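Coordinate inspection notes
Chain by chain, the residues run as shown.
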Number of protein chains: 2
Amino acid sequence: MIESFLFGFPRTTFTKQPSTSGSASPPPPPSKQMAGSIDMMLRDLNLEKVESLPEDFDPTTVIKDPVPPIAHDSSGLNGGHSVNGKEKPREIVLGRNVHTSCHEVTEPDADDDVTGEREAYMASVLARYRKSLLERTKHHLGYPYNLDFDYGALSQLQHFSINNLGDPFIESNYGVHSRQFEVGVLDWFARLWELEKNEYWGYITNCGTEGNLHGILVGREVFPDGILYASHESHYSIFKAARMYRMDCEKVNTLISGEIDCEDFKAKLRLHKDKPAIINVNIGTTVKGAVDDLDLVIKTLEEIGFTHDRFYIHCDGALFGLMMPFVKLAPKVSFKKPIGSVSVSGHKFVGCPMPCGVQITRLEHINALSRNVEYLASRDATIMGSRNGHAPLFLWYTLNRKGYRGFQKEVQKCLRNAHYLKGRLTSAGIGAMLNELSSTVVFERPQDEEFTRKWQLACQGNIAHVVVMPNITIDKLDDFVNELIEKRAVWYETGKLQSPPCIASELGNSNCLCVLHK
Amino acid sequence: MIESFLFGFPRTTFTKQPSTSGSASPPPPPSKQMAGSIDMMLRDLNLEKVESLPEDFDPTTVIKDPVPPIAHDSSGLNGGHSVNGKEKPREIVLGRNVHTSCHEVTEPDADDDVTGEREAYMASVLARYRKSLLERTKHHLGYPYNLDFDYGALSQLQHFSINNLGDPFIESNYGVHSRQFEVGVLDWFARLWELEKNEYWGYITNCGTEGNLHGILVGREVFPDGILYASHESHYSIFKAARMYRMDCEKVNTLISGEIDCEDFKAKLRLHKDKPAIINVNIGTTVKGAVDDLDLVIKTLEEIGFTHDRFYIHCDGALFGLMMPFVKLAPKVSFKKPIGSVSVSGHKFVGCPMPCGVQITRLEHINALSRNVEYLASRDATIMGSRNGHAPLFLWYTLNRKGYRGFQKEVQKCLRNAHYLKGRLTSAGIGAMLNELSSTVVFERPQDEEFTRKWQLACQGNIAHVVVMPNITIDKLDDFVNELIEKRAVWYETGKLQSPPCIASELGNSNCLCVLHK
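Residues numbered from 1 in each chain as written. Chains lettered and ligands numbered in written order. Predicted model: local features only at pLDDT ≥ 70, side-chain atom pairs only at ≥ 80, totals over all residues. Heavy atoms only, no water.

Let's talk about the overall build of chain A
Helix and strand counts for chain A come out as 15 helices and 13 strands. Considering only intrachain contacts with a sequence separation of at least 6, the fraction spanning at least 24 residues in chain A is 71%. Surface exposure of chain A reaches about 18,700 Å², of which carbon and sulfur atoms provide 52%. (Helix = DSSP H or I, 4+ residues; strand = E, 2+ residues; numbered from the N terminus. Contact = heavy atoms within 4.5 Å. Areas by Shrake-Rupley, 256 points an atom, 1.4 Å probe, with all protein chains shown as cover.)

Below you can see the structure in the form of structure tokens.
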């Protein structure tokens, strides 16, 4: 379900399109490409200290023509997928097939270094790309990414291959790392979620999914025969984890708000009282931004008779894990409660050029995990081995500049702006929902794909959402609502479409303003 | 075994060290920090269009003091791990504990914006850090990372939050992505490994481990009851995959070169003739840079009676996957052979500021995989969900500049320089080994941790290695060997240590130059 939200376009099979102007022209035939290049290569090699080479080295071990033949493509078009001259529908279910507009990598001509043509071509591709990024960044509303950041002070570090190989707390022999920043960031989050420095373990991940994969894995290692419980509206990575790890998984119903339905949770728990429970608690669901009631989940477990040594709770705080601590009424995410791990994304509320996240768990669990990995002579407790050393620098930079108080201010602004958006939508007769602790405004899906793409809205079934991040201003929201109102007038009042969709099944009768429910 | 190589320092437990000058001073007490900040925050909020807010919004839903109490630390020292005032050995096995030297994130003072002190402090930390990175990059030899790159042309893109959410071939509604570059890079690799555009699927990963996790997962989905076979010298991520995915795993012996021992493989296969086989083939092992003989592996499978529909081969080409195609004598990695997937790292031979990799597999396998994921309404075929959109740009840039011929030239240079290094070591009486198809020179482990750290050598047991990457010049190798010779004179000739270690068990008698074998 949630998956279709992330890739929620009409399912079309691939239809061939002509190459766009952005794509490279096809490379010249190999015969031309080769002209002179071997000679040049040999000349270059003479610049090496050849006299020092051992005699048993055979230079013929290097093959002569390194350029592989171009893969057979009988259509003759760049990126076209056809077989025997007939269009063969690509078997992947596609929105827009990127092959039709990709920037092909082409083999340099032998004289490219001299003419500078290649540099010029690449610079022009990059300049056009930068322009499109500016345009797309300006109109983005649908995904929970804070696009407002300035890391100019860090651009000097892009020249280094920074890799936090392995455990954040164990310095690798590879010296070009940023662990001293990573651990500073981890300490900050451990403090936010109330776990002592000597009791936590964690690391900076590549994205929210890696945090979830890690949290569920730790849960499974603690309880190898545990059942995974997760609400239907959990992020798809939770169910991916269940499948990857070969775990039994019970999907729990949700309330109309998107929160986990603890009555149904109770019933499902009763079915498996003999097995330990591993529970995913959503601190902000993907679609509706609903926050599961952590305290009620724990109470439900206790009522059914699960003692604290028979369950493991992972909190998926991908988006709101960093917002909830600053909202008074929110169920507090705290390691003073019987939870096992919390993950949050770094590219969402904080903002970062590339995806990243933070995973914090109890040191005791990691010790258990690493004891279990007997055949490994050292600790391998992260999912990935090599780890992006730039992400910790971005996070460290923003956390240091903003501090807890800066984030509080931004949370407040986002909640206010989300209320503003919901108010403007309903005033205009557009059904919408905003959960109390959320900055995710859910509303009827626009009837036009072009509009959806322009504003980069994420859609599922009859609903779409805007996630109000710190970079979303009132002005931008006004622009969006005004355009939506204009477009709706065209969609629904020129007779092409009868009326706005009913969204009562998704958002409840009270939030639907269709002809039946208004 | 391999794990201990990556983290191969003496196992010491944590001993407390005073804060280094690089770490931040502890934050002022909360009372001082709070002075004036609430007032300022309220003043800032008045700049918003408050008149537009809905009346039911309750600003008290934001908590008053967002700064969590500092976690209890009775040692009083930054980062110290002690309990009840007594030193408690941290249970993690540590090289150097990063907590003692980390750059703490501190809460800004209310007047930091005015005084500029925070900016100045952060700039000084970053400047010192940059200097240390320069120094460490200069002396690095041990890990297979090409540190020689110039991505200045791409620094303009660091301002964007580029995310290739989901499948590379299906354009997400999130507009700030780089799929058009990613698919160009994937096409280039598919061509290198001889798979047609309409027959492959792939994506740009976060590192070599993600490629291996993906390859083994695809293998398991194709053969749910398959047995995983991997040589002892395979990368640790292969065994991590087996554990994560709950697969049965047979470890196969290796030859002294580090290659898989196909006689032992044959014997192990015979034990499980009734189950399909999933095989990890190393295109360059981590420690010795040994290249498993892909053709012999396939021949062995066929001899035991495994037809092509009963095995799946994943080629872990983390390092040499991009080098072997340019070496004439190497067993060719090609999808014209019955293999299922190939992965390679992008930050190794290509060079990239952050770890990344490429995974290529057959489209038919991904279709099978996605059919299997029935409860998902769309394709979720990558391990990670959000994906770094900058990595494809770095790869695209380098591939376009160098081309297949540029890589061939660099491979040739690395192989020559590796031979040069091995020659210099053995001339100096230092036992060393260099596999024919490899640029990894393995030799006796230096007896001094300071020397090992300076040159960032990776060590295992009695051996260490240098991986000759394109940025490793003859001059740098000369510096290294000259210093090693000098140091050895001190270690072994001043009587502190008797003689160099015997490395015959690791590298064979003929490569050992200890007192027994020289």
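Focus: the pairing of strand β7 (residues 311-316) of chain A
Side-chain direction in a regular strand flips from residue to residue, so the side chains alternate between the two faces of the sheet. Residues and elements named next belong to chain A. With six of its six residues buried, β7 lies for the most part within the structure. Bridge analysis of strand β6 (residues 277-282) against β7 gives six bridges, and the strand direction is parallel. Looking at the pairing, N282 lines up with D316 of β7. Since β6 and β7 lie parallel, the crossover through helix α10 (residues 294-304) that links them has a hand, and here it is right-handed. Direction of pairing for β7 relative to strand β8 (residues 341-345): parallel, over a ladder of three bridges. Within β8, the position partnered with D316 by the bridge is S343. (Buried < 20%, exposed > 50% of the residue type's maximum accessible area, 1.4 Å probe, protein only. Pairing = 2+ DSSP bridges. Right-handed = clockwise from strand over helix to strand, strands pointing away.)

Quick word on the pattern of salt bridges
For the coordinates displayed, the defined rule picks out 36 salt bridges over all chains. Notably, a salt bridge pairs E182(A) with R387(A), separated by 2.7 Å at the nearest N-O pair. Residue E182(A) is found in helix α6 (residues 179-192), and its partner R387(A) is found in the loop between α11 (363-372) and α12 (390-427); the two are separated by 205 residues along the sequence. Comparing E182(A) with R387(A), the two get one shared label, buried. With its nearest N and O atoms 3.4 Å apart, the salt bridge here joins K299(B) to E303(B). Taken together, the residues K299(B) and E303(B), both in helix α10 (residues 294-304) and four residues apart, mark about one turn of the helix. Here K299(B) falls in the partly exposed class, since its relative accessible area comes to 45%. By relative accessible area, E303(B) is classed as partly exposed at 45%. Taken together, the shared-partner salt bridges in this structure form one network comprising E194(A), K332(A) and K336(A). (Salt bridge = Lys/Arg side-chain N within 4 Å of Asp/Glu carboxyl O.)

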